[in-house]
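The chain contents come next:
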Amino acid sequence: MNRKIFRQSRVFMTPSSVLPIDKYTESPDFSIRPTITDKARTVTHVCNSGTLCTVVSSGENSNESFNAPFGSYVDYILDKNGWPILLLSGQSLHTQNIRENPSVSLFCQLPRSHAQPAAVGSASATFLKSTPSAALSRVTVMGTVSPIPLDNEDLSSFKLAFILAHPYSEQIVDSPRFAFYRIQPLKIYFSGGFGVQSTWVDVHEYEQARPDVLAQEVPSVLARVNLEKQGELLLICKHFLGLDLADIEVVRIQAIDRLGVDLRVKTGQYTDEYRVGFRYQVNSAEDAKSEMVKLFQEAWERENGYFFADHLPPFTKYAEDILRGDNRSTTTATTTSV
């Protein structure tokens, strides 16, 4: 995947001017973005349920050989190292599979933003429909799973944490029919969204990472901003990223963290991702909201000719749609054959 960083030269703003992008460097400025490892740890922290895949060694007939993955829904919490802790029934098929083969994977994906339903036919409703689940970040943790011994010193704290995250479990955490299991990650895979960014994550670095301070606040903040601030987001694209508003079909904030925001911009058949950094690192959801308001305000002022700062907030285009590469290859091949 091609990645380029855009940096802005000094431009004196007039009400009708659009900032040109006049300089490219070879790699994105990752200093204004959390690392992939931090993002992966944040995804597993925000999610508290996922799909557990175990290996089915036999079919309904016990004499039938049937080595295949079996997926089932599970709730989980994380221990201090980010290892998933599960509460499983001894009668469940996935638990039976684990007894024969402890190799598992756990897939978790960021939830959709929980927003109030938009009015039928409104622009907001159309916007929500244009945001597929495939655009959301997800993580797959692969490893081995084993039961947590009853004499484990951390078991009581795991029970309490699990009950807080999943209140229904208060009735079953002490039942002899249920037991806690822990997945030890051997490989971790992160995907930032369809066609944009995916990579393997170092397990040791994942264990040392910590979720972003805004992790729990992100879904509600995203829902409100993406529904109510489309005009402001378009102005950010115009004045910070140098994009032509006529080309933009959809723009949405993909993520918010202590360093800035990720924007997912659809222009025609392509979807690219950009980063706009805050001028100051934040340490709370309230601080992040304040910095976002400042970005919106600055974009509005530039649109109306009131803002004459020497430099823009830090920004970068960190990922391109993979279809761009396909089309470039097709064009090159066609040109060469002529």
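This structure is a prediction, so every number in the text was calculated from the model and none was measured.

Asks: Can you walk me through the sheet that holds strand β10 (residues 250-257) in this structure?
Replies: Strands pair in a sheet through their backbones, by hydrogen bonds, and they do so in one of two ways: parallel or antiparallel. Reading across the sheet, the four strands line up as β10-β11-β12-β13 and stay open at both edges, with antiparallel pairing between neighbours. The open sheet has two free edges, formed respectively by β10 and β13 (315-319), since each of these has just one partner strand. Adjacent strand axes in the sheet meet at a mean angle of 25°, parallel and antiparallel pairs treated alike. For strand β11 (residues 260-267) and strand β12 (residues 270-277), the ladder comprises eight bridges, and the chain directions are antiparallel. In the strand pairing of β12, arginine 264 is matched with glutamate 273. Contacts from helix α8 (residues 285-303) reach β10, β11 and β12 within the one sheet, and its direction differs from that of β10 by about 145°.

Asks: For this particular structure, what's the right way to read the environment of phenylalanine 296?
Replies: Here phenylalanine 296 shows up in helix α8. A residue is classified by how much of its surface remains accessible, and phenylalanine 296, at 10% relative accessible area, is buried. It is 7.4 Å that separates the C-alpha atoms of phenylalanine 296 and leucine 233, two residues lying 63 residues apart in sequence. Setting aside residues up to four positions removed in sequence, phenylalanine 296 forms contacts with Val225, Lys229, Glu232, Leu233 and Ile236.

Basis of the calculations
- Residues numbered from 1 in each chain as written.
- Predicted model: local features only at pLDDT ≥ 70, side-chain atom pairs only at ≥ 80, totals over all residues.
- Heavy atoms only, no water.
- Pairing = 2+ DSSP bridges.
- Helix = DSSP H or I, 4+ residues; strand = E, 2+ residues; numbered from the N terminus.
- Axes fitted to C-alpha atoms, helices over the stretch in contact; angles between N-to-C directions.
- Contact = heavy atoms within 4.5 Å.
- Buried < 20%, exposed > 50% of the residue type's maximum accessible area, 1.4 Å probe, protein only.

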